[in-house]
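So the chains spell out like this:
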Amino acid sequence: MNNLKVSIRCRAMIFSERLVLLLFCMILGAAQMLAQTVTDGAGRVIYTLESGVLYDATSLPVVTVKGNLVFKGASERKEDIVLFVGSDNLFADKSANAVGADMSTAQFALGRGGYYLPGYGLADDYLIARYTIGKKGDLILIAGDEETPMASLSGDNWTTGELTAVFYLINEQHQLKELLLANVGAGSAPVTNNSTTMQGTLRRMWNTGDDDFSWDGNILKRRWNSFDYEEWEFDGRILRRVWYDDGVEYEWDGKILKRRFNAGVEEYEWTGSILRRRWNTGNDEFSIQGNVVKRLWDTGNDEWEMTGDIPIPIIAMIVFGLIKK
């Protein structure tokens, strides 16, 4: 009888140990299934996300994400910031900027699920990479208009900061931005001013008070005494009022700016050297020489001084009076 009791007790202990081991394996397997991982095109795990820290395949911390800030390694010190992400929603329709360690220089723009060259809004021609949904529900990072995935992200609840950190690392590895810049430099981009800044101002040289405008990379408005109705946003293609939806929008295709609806004669053309009304009304032509924008003929007081980097369609909005003075 005693031997039977010992045998039953031993079997119970063995069963209990096996049950604990089985539960441990199940929990470990579930944790692995739920882990936020980044794999490359060959399916190899290249990063793992744990508590906001991205670790590489050797378990070394590469970057740390805290809200909209991305730091080097496992640091959270101000001097180790590599990016500040200017949006909480990567998939928003409005453009935002991710700035570098100096907290002022734009590294790229983001919005609509993608990352773009800075200064062009969310224009497709300047798309560096974008996230799409894969067949298994994972997020897939694709370079530009290519179809081959650069990375696949598994797991739920990726924040915009974390997604941007992954893009930042992939971009650093594959130099995606530099490759696109090389193409842009080869002539695929609209002509803009030769400035490396993201902001600018344009004011009439013989200023009358109101003729002084600012461009911050997203919004065009008066520098002084701005009012809501005449604040305009530009995403690289469409110009529209920020605060009012009155149906008045302008579209830019890299050469021509025109009303999207019922254009009539409201079309303006950039030739690469001259900005002019497309259906010419005499002397409505402007040249851009360095930081000066002025009429070609009968200049009068229609000369403008520019600082920084202002896209051609923004200049057109001002000098042709499309933003009311």
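Since this is a predicted model, take the numbers as computed values, not measurements.

Draft legend 1. View of the pattern of salt bridges. The tally for this structure, following the rule as stated, stands at 21 salt bridges. Among the ionic pairs, E79 bridges to R77, the shortest N-O distance being 3.8 Å. When its relative accessible area of 57% is taken as the criterion, E79 is described as exposed.

Draft legend 2. Main features of the nonpolar core. Ranked by size, the top nonpolar core spans 41 residues in total, and within it Y131, L153 and I170 carry the most contacts. Ranked by residue count, the leading element in this core is helix α2 (residues 160-174), at seven residues. Not counting the four nearest positions on each side in its chain, Y131 is found in contact with L90, F91, G113, Y115, L139, I140, L141, L153, L163, V166 and F167.

Draft legend 3. Seen up close, α2. Over its 15 residues, α2 extends 21 Å from the first C-alpha to the last, a length consistent with the 21 Å expected when each residue adds 1.5 Å. Along α2, 12 of the 15 residues are buried, which leaves the element largely enclosed by surrounding structure. Buried within α2 we find T160, G161, E162, L163, T164, A165, V166, F167, Y168, L169, I170 and N171. Following α2 by one or two positions, Q175 adopts a phi angle in the positive range, close to 55°.

Rules used throughout
Residues numbered from 1 in each chain as written. Predicted model: local features only at pLDDT ≥ 70, side-chain atom pairs only at ≥ 80, totals over all residues. Heavy atoms only, no water. Salt bridge = Lys/Arg side-chain N within 4 Å of Asp/Glu carboxyl O. Buried < 20%, exposed > 50% of the residue type's maximum accessible area, 1.4 Å probe, protein only. Core = buried A, V, L, I, M, F, W, Y, C linked by side-chain atoms within 4.5 Å. Helix = DSSP H or I, 4+ residues; strand = E, 2+ residues; numbered from the N terminus. Contact = heavy atoms within 4.5 Å. Expected span 1.5 Å × (residues − 1).

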